[in-house]
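Chain by chain, the residues:
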Amino acid sequence: MPKFCANLSMMFTEHPFLDRFGAAAEAGFKGVEFLFPYDQDAKAIRAELDKHKLFPVLFNSPPGDWEAGERGMAAVPGRNPEFRASFQQATTYAAIIRPGRLHVMAGNAAGRGAQAAFMENLAWAAEQVPNQLLCIEPINSRDLPAYFLNRSDQAIAVIEAIGAPNIGLQYDLYHAQISEGDLTRRLEKLIPYIFHIQLAGVPDRQEPDQGELNISHIFKVLEDLGYQGWIGCEYRPKGKTEDGLGWFKALN
């Protein structure tokens, strides 16, 4: 049976952020993830997790100026000091929230300079927190055309080149279907590198049973491959979150 975690930045948005933990638990989720916790008190988040017996699966490193379109700094040349300060902020929050994984956002960049910055910053980050799992995520170029990392082979090359045991792949099936497709064969190839999986319906990023993904097949593939990790539900519900959870309830 897959382990699903609710993405509280996209789901249960009918409620204030701290109330979403209780709503997710009430709906049957045992784990949660979210994009950014930095406008909240970390101890308040930890209290909600404890209150509702939820596991904090993942959150992201700070993105920079989100409203200006920034999506991380790790691969942006010349931003190394800012990245490292922001990563330290992430680890300060992680020390309290205790997530299973941290997603290190690459940012909008291209070229050799970006590759060098990404490698240097990721290697540095892995050394800072050797007991924390760090993820990198390819994001499709339709949604984020300027994002540095957009294909799985590009991510695997980075992971292999750095060689740190705590750096792995965050494989979002929504992005992967748009960018690459052939999900069954890709999962078979990539499973040794995968630290976390996410999903949403394609093409509209709504409930995962809406659109072109055959989620029952995907779940069977993951079961056959022995995947024991979480599957993050990173989608935007069509309406009220609870009304679109039929697919989830059918599996529980």
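Residues numbered from 1 in each chain as written. Predicted model: local features only at pLDDT ≥ 70, side-chain atom pairs only at ≥ 80, totals over all residues. Heavy atoms only, no water.

Colleague: Any details on the layout of surface pockets? Residues and values, ideally.
Modeller: Approximately 360 Å³ is the volume attributed to the largest pocket. Lining the largest pocket are 19 residues, with Met 10, Trp 66, Leu 144, Arg 205 and Arg 236 positioned closest to its centre. Taken together, the residues that form the lining of the largest pocket break down as eight nonpolar, three polar and eight charged. (1 Å grid on protein atoms, 1.4 Å probe; cavity = no way out; pocket = protein on both sides within 12 Å on 5 of 7 lines; lining within 4 Å. Points joined across faces, edges and corners; volume = space filled by probe spheres on them. Nonpolar A, V, L, I, M, F, W, Y, C, P; charged D, E, K, R; others polar.)

Colleague: Provide a residue-level description of empty space enclosed by the protein, including the pertinent values.
Modeller: Following the criterion strictly, the structure yields one cavity of 30 Å³ or more and no others. There is about 50 Å³ of room inside the largest cavity. Those elements giving two or more residues to the lining of the largest cavity turn out to be β6 (167–172) and α6 (173–179). Ranked by the residues each element gives to the lining of the largest cavity, the list is headed by α6, at three residues. Of the residues belonging to the lining of the largest cavity, the class tally is four nonpolar, five polar and three charged. (Helix = DSSP H or I, 4+ residues; strand = E, 2+ residues; numbered from the N terminus.)

Colleague: Got a sec to walk through the packing of helix α1 (residues 20–27) against helix α2 (residues 42–52)? Specific residues and values, please.
Modeller: One can describe the packing of α1 onto α2 by two numbers: an axis separation of 9 Å at closest approach and a directional angle of 20°. For the element pair α1 / α2, the angle class is roughly parallel. Judged by the sense of rotation from one axis to the other, the crossing of α1 with α2 is right-handed. Together, Phe 21, Gly 22 and Ala 25 of α1 and Ile 45, Glu 48, Leu 49 and His 52 of α2 make up the contact between the two elements. In terms of residue class, the contact of α1 with α2 is built from four nonpolar, two polar and one charged. (Axes fitted to C-alpha atoms, helices over the stretch in contact; angles between N-to-C directions. Parallel < 35°, antiparallel > 145°, perpendicular 65-115°, else oblique. Left-handed = near helix turned anticlockwise from the far one by under 90°. Contact = heavy atoms within 4.5 Å.)

Colleague: Go over the pattern of salt bridges, please, and point to the residues and values.
Modeller: Per the counting criterion, the structure on display carries 12 salt bridges. One salt bridge in this structure joins Glu 82 and Arg 79, with 2.7 Å as the shortest N-O distance. The salt bridge partner of Glu 120 is Arg 84, with a shortest N-O separation of 3.4 Å. Here Arg 84 lies in helix α3 (residues 80–97) and Glu 120 lies in helix α4 (residues 112–128), a separation of 36 residues in the sequence. Of the residues examined, Glu 120 reaches a relative accessible area of 44% and is grouped as partly exposed. (Salt bridge = Lys/Arg side-chain N within 4 Å of Asp/Glu carboxyl O. Buried < 20%, exposed > 50% of the residue type's maximum accessible area, 1.4 Å probe, protein only.)

Colleague: Can you tell me about α3, naming the residues and giving the values?
Modeller: Counted at 1.5 Å a residue, the expected span for α3 with its 18 residues is 26 Å, and the 25 Å between its end C-alpha atoms agrees. For α3, the full list of buried residues reads Asn 80, Phe 83, Ser 86, Phe 87, Ala 90, Tyr 93, Ala 94 and Ile 97. The arc that holds the buried residues of α3, viewed along the axis, is 140°, so those residues lie on one side. In α3, the exposed residues that point more than 90 degrees away from the buried face are Pro 81 and Ala 95. Taken together, the buried residues of α3 touch α2, β3 (55–60), β4 (101–103), α4 and β5 (133–136). Just past α3, the residue Arg 98 takes up positive phi, approximately 60°. (Expected span 1.5 Å × (residues − 1). Arc of directions from axis to C-beta.)

Colleague: With reference to specific residues and values, describe the packing of aromatic side chains.
Modeller: Counted according to the given criterion, the structure contains 19 aromatic pairs. Summarising the aromatic geometry, the rings of Phe 29 and Phe 248 are spaced 4.1 Å apart at their centres and angled 10° between planes, so their arrangement reads as stacked. Residue Phe 29 is found in the loop between α1 and β2 (31–33), and its partner Phe 248 is found in helix α9 (residues 246–249); the two are separated by 219 residues along the sequence. Using a relative accessible area of 2% as the deciding quantity, one classes Phe 248 as buried. When the ring of Phe 36 is compared with that of Trp 66, the centres are 5.2 Å apart and the planes differ by 70°; the resulting orientation is edge-to-face. With a gap of 30 residues between them, Phe 36 in the loop between β2 and α2 and Trp 66 in the loop between β3 and α3 connect regions that are remote in the sequence. By relative accessible area, which is 32% here, Trp 66 ends up partly exposed. In textbook terms, an aromatic cluster arises when at least three aromatic residues are bridged by ring pairs, as seen for Phe 4, Phe 12, Phe 29, Phe 219, Tyr 235, Trp 247 and Phe 248. For the cation-ring pair, Arg 71 lies above Trp 66, with the distance from its terminal atom to the ring centre recorded as 3.4 Å. (Phe/Tyr/Trp six-rings, centres within 6.5 Å; stacked < 30°, edge-to-face > 60°. Lys NZ or Arg CZ within 6 Å of the ring centre and 35° of its normal.)

Colleague: Residues and numbers for the state of the cysteines, please.
Modeller: Under the defined criterion, the tally for this structure stands at zero disulfides. Sulfur of Cys 5: no disulfide; nearest cysteine sulfur belongs to Cys 233 and is 6.5 Å away. We classify Cys 5 as buried; its relative accessible area is 0%. The class for Cys 233 is buried, based on a relative accessible area of 0%. (Disulfide = S-S within 2.5 Å.)

Read these as geometric descriptors, not functional statements.
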